[in-house]
Amino acid sequence: MNRTVPPLISNDLRYVFAHLTPLFQKKLSKYSLKEKEAIKKRIRMFIQNPHSASLKTHKLKGELSSFWSFSINYKLIILFKFMDKETAGFIDIGTHDEV
């Protein structure tokens, strides 16, 4: 997988590389500017420390047991997969019901 740092993430904050899937990028484009700013802030936190308590990062169970998620706010989450020690692939974004 190609390591890609999306434009919304500053290179100087990069501790974990983030790769955005086409589905993630498509769904991200549908959010308002205010929501995108909140998402950007949480992604930066994730890059600095993927297991920060405030992100509520956790491994999923059942059909999604190979994935993890972290919270943007009380309703939005990002679904991702650790590709290796330095790379996370962001798969999807949305509410718990949408992801």
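Residues numbered from 1 in each chain as written. Predicted model: local features only at pLDDT ≥ 70, side-chain atom pairs only at ≥ 80, totals over all residues. Heavy atoms only, no water.

**Considering the confidence of the model for the chain**
A low pLDDT score tells you not to read the predicted coordinates there in detail.
1) Next: When pLDDT is averaged along the chain, the result is 85, and 84% of the positions lie at 70 or above.
2) Next: Per-element averaging of pLDDT across the chain places strand 1 (residues 17-20) at the bottom with 79 and strand 3 (residues 68-71) at the top with 97.
3) Next: Within the model, the stretch residues 1-15 combines pLDDT values under 50 with 29 contacts to residues more than four positions away or in other chains. (pLDDT = per-residue confidence, 0-100. Helix = DSSP H or I, 4+ residues; strand = E, 2+ residues; numbered from the N terminus. Contact = heavy atoms within 4.5 Å.)

**Examining helix 2 (residues 33-48)**
1) Next: With 16 residues, helix 2 ought to run about 22 Å at 1.5 Å a step, and its terminal C-alpha atoms sit 23 Å apart, in line with that.
2) Next: Listed as buried for helix 2 are I39, R42, I43, F46 and I47. Each buried residue of helix 2 sits inside an arc of 145 degrees when the element is viewed along its axis, so together they form one side. Facing away from the buried side of helix 2 by over 90 degrees, the exposed positions are L33, K34 and K41.
3) Next: Packing partners of the buried residues in helix 2 comprise helix 1 (22-28), strand 3, strand 4 (77-84) and strand 5 (87-94). (Expected span 1.5 Å × (residues − 1). Buried < 20%, exposed > 50% of the residue type's maximum accessible area, 1.4 Å probe, protein only. Arc of directions from axis to C-beta.)

**Observations regarding the environment of S71**
1) Next: With respect to the helices, strands and loops of the structure, S71 is situated in strand 3.
2) Next: Overall, S71 belongs to the buried group, its relative accessible area being 13%.
3) Next: On a C-alpha basis, the gap between S71 and T57 in space is 7.1 Å, while along the polypeptide they are 14 residues apart.
4) Next: Filtering out sequence-adjacent residues up to four positions away, S71 remains in contact with R42, L55, K56, L76 and I77.

**Digging into the pattern of salt bridges**
Between side chains of opposite charge, a pair can form as their charged atoms come close.
1) Next: Taken as a whole and assessed by the stated rule, the structure comprises one salt bridge.
2) Next: D92 is paired through a salt bridge with K27; the nearest N and O atoms lie 2.8 Å apart. Residue D92 is found in strand 5, and its partner K27 is found in helix 1; the two are separated by 65 residues along the sequence. Both residues of the pair, D92 and K27, belong to the buried class. (Salt bridge = Lys/Arg side-chain N within 4 Å of Asp/Glu carboxyl O.)

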